[in-house]
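What follows is the residue order along each chain.
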Amino acid sequence: MIEKLESIEAKYEQMTADMADPAVQADNAKFRTLSKGVSEMQELVDRFRDYKNIAAQIAATEEMLKDPDMRELAQEEMNELTRRRDALLAEIKVLLVPKDPNDAKNIILEIRAGTGGDEAALFASDLFRMYSRYAERNGWKVEVLSLSDSGVGGTKEVIAVITGKNVYSRLKYESGVHRVQRVPATEASGRIHTSTATVAIMPEAEEVDIQINEKDLRIDTFCSSGPGGQSVNTTYSAVRITHIPTNTVVSQQDEKSQVKNRAKAMKVLRSRLYDMEMQKQQDAIAKDRRSQVGTGERSEKIRTYNFKENRVTDHRVGFTMHQLDAALEGELGDLIDAAVTHFTSEKLKEATAAETSA
């Protein structure tokens, strides 16, 4: 590992030197590429240099341990230096895990009511509010692309784009089936009702990420339905796009403009097709099971929200917090940190095993 880190440091120093070259500075594209590479390596190189500094201090302290008069003081210092060295090594191992190229992307968030009727729709609405509040806390922007109400204050389906810094890196493990256990307001007997909603987190795909052939699309227009003013049911502003090769269908009717609805529908379609390609790659890597790392397993229940116990449990990582009320207000930091830490550790194990076998 040390040899690998030394190689990365040498590459970092070479790229930094190249950026000071006037010829490189005159080439905007090359300078941007080098600047991005240096930025990506910066934290790892800084931690490695800290590690080398600590290692040098440990070597000097080992000499002090040989002096009987200095041994007690030196041992205390050695204990602290060893602790800091081990902590740095742990950080470095995590930083060596290959970065997910989608981590810096914005996301398309899709939440759908699952089993449980009206209660499932109410829960889907709660989840969307929860993620919206979490986005606000992080300074992210939430834009609703499509919303289908249940008629009882709930949400059948909502599709939104969340934009900001490293949104996908924080929310990518939220995909899956979310289960709620609570007494519905309409339940006279006070029985606990169990219902579900599904959450899908997809990195927002640009045209450069996924190429769509216009010949593969069938585009239908129709009159909007539901609230929306005088244009509803009078103009063909709603758009339905079908990607024929995959039979993926996206509908959009929230805007009064057909052009705007088509643009929003294409944004969702690109992200869905990109997500499908990502999952194909994951399936190829793990033939017997779909990896949680990278896309999030959607076929299994990932989390339970129990109102009676004020509890949220993430079943994948074995993490429980008894602040459900706070979580629903967007205080998801501990839950998300637990998932990110767990799956980063899994990726680290895979990377270590791959290096060992090689």
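Residues numbered from 1 in each chain as written. Predicted model: local features only at pLDDT ≥ 70, side-chain atom pairs only at ≥ 80, totals over all residues. Heavy atoms only, no water.

*Asks:* Describe the sheet that holds strand E11 (residues 319–321), listing the residues and the values that go with them.
*Replies:* The eight strands lie next to each other as E2-E3-E1-E5-E4-E9-E10-E11, forming an open sheet whose pairing is mixed. Pairing within the sheet leaves two strands with one partner each, and these edge strands are strand E2 (141–149) and E11. Geometrically, the sheet is characterised by an average inter-axis angle of 15 degrees between neighbouring strands, direction not taken into account. Pairing analysis gives seven bridges linking strand E4 (residues 176–182) to strand E5 (residues 193–203), with the strands arranged antiparallel. Along E5, the bridge assignment pairs His178 with Ala197. (Pairing = 2+ DSSP bridges. Helix = DSSP H or I, 4+ residues; strand = E, 2+ residues; numbered from the N terminus. Axes fitted to C-alpha atoms, helices over the stretch in contact; angles between N-to-C directions.)

*Asks:* Outline the sheet that holds strand E8 (residues 248–252), supporting the account with residue identities and numerical values.
*Replies:* Across the sheet, which stays open at both edges, the three strands sit in the order E6-E7-E8 with antiparallel pairing between neighbours. If you trace the sheet from one side to the other, it starts and ends with strand E6 (217–222) and E8, each paired once. Looking at each pair of strands side by side, their axes are set apart by 15 degrees on average, direction ignored.

*Asks:* Give me the lowdown on the environment of Glu80, citing residues and values where you can.
*Replies:* Here Glu80 shows up in helix H4 (residues 71–96). Since its relative accessible area comes to 35%, Glu80 is described here as partly exposed. Measuring from C-alpha to C-alpha, the distance between Glu80 and Ile58 comes to 9.8 Å, with 22 residues separating the pair along the chain. (Buried < 20%, exposed > 50% of the residue type's maximum accessible area, 1.4 Å probe, protein only.)

*Asks:* Describe the nonpolar core, with residues and values.
*Replies:* If you look at the biggest cluster of nonpolar residues, it comprises 50 residues, and the most contacted ones within it are Leu109, Ile111 and Leu171. A per-element tally of this core places helix H5 (residues 117–137) first, with eight residues. Apart from the residues lying within four places of it in its own chain, the contact partners of Leu171 are Ile107, Tyr131, Tyr134, Trp140, Ile162, Ile201 and Ile336. By size, the runner-up hydrophobic cluster in this structure holds 22 residues, among which are Met15, Met19, Tyr51 and Leu96. (Core = buried A, V, L, I, M, F, W, Y, C linked by side-chain atoms within 4.5 Å. Contact = heavy atoms within 4.5 Å.)

*Asks:* Hey, could you go over unusual backbone geometry for me, with residue numbers and the actual values?
*Replies:* For residues that are not glycine, phi is negative in most cases, and the peptide bond is trans in most cases. Even without being a glycine, Asn166 presents a positive backbone phi close to 55 degrees. Along the chain, the position of Asn166 falls in the loop between strand E3 (155–163) and helix H6 (167–171). Taking the relative accessible area as the measure of exposure, Asn166 reaches 31% and is therefore partly exposed. A positive phi angle, near 50 degrees, is found at Asn310, a position not held by glycine.

*Asks:* Tell me about helix H1 (residues 2–19), and name the residues and values.
*Replies:* For H1, built from 18 residues, the straight-helix expectation of 26 Å at 1.5 Å per residue is met to within 8% by its first-to-last C-alpha distance of 26 Å. Looking only at H1, the buried set comprises Leu5, Ile8, Glu9, Tyr12, Met15 and Met19. The buried residues of H1 occupy an angular sector of 130 degrees when projected down its axis, which confines them to one face. More than 90 degrees from the buried face of H1, the exposed residues found are Glu3 and Lys11. The inward-facing, buried residues of H1 contact helix H2 (22–25), helix H3 (28–64) and H4. (Expected span 1.5 Å × (residues − 1). Arc of directions from axis to C-beta.)

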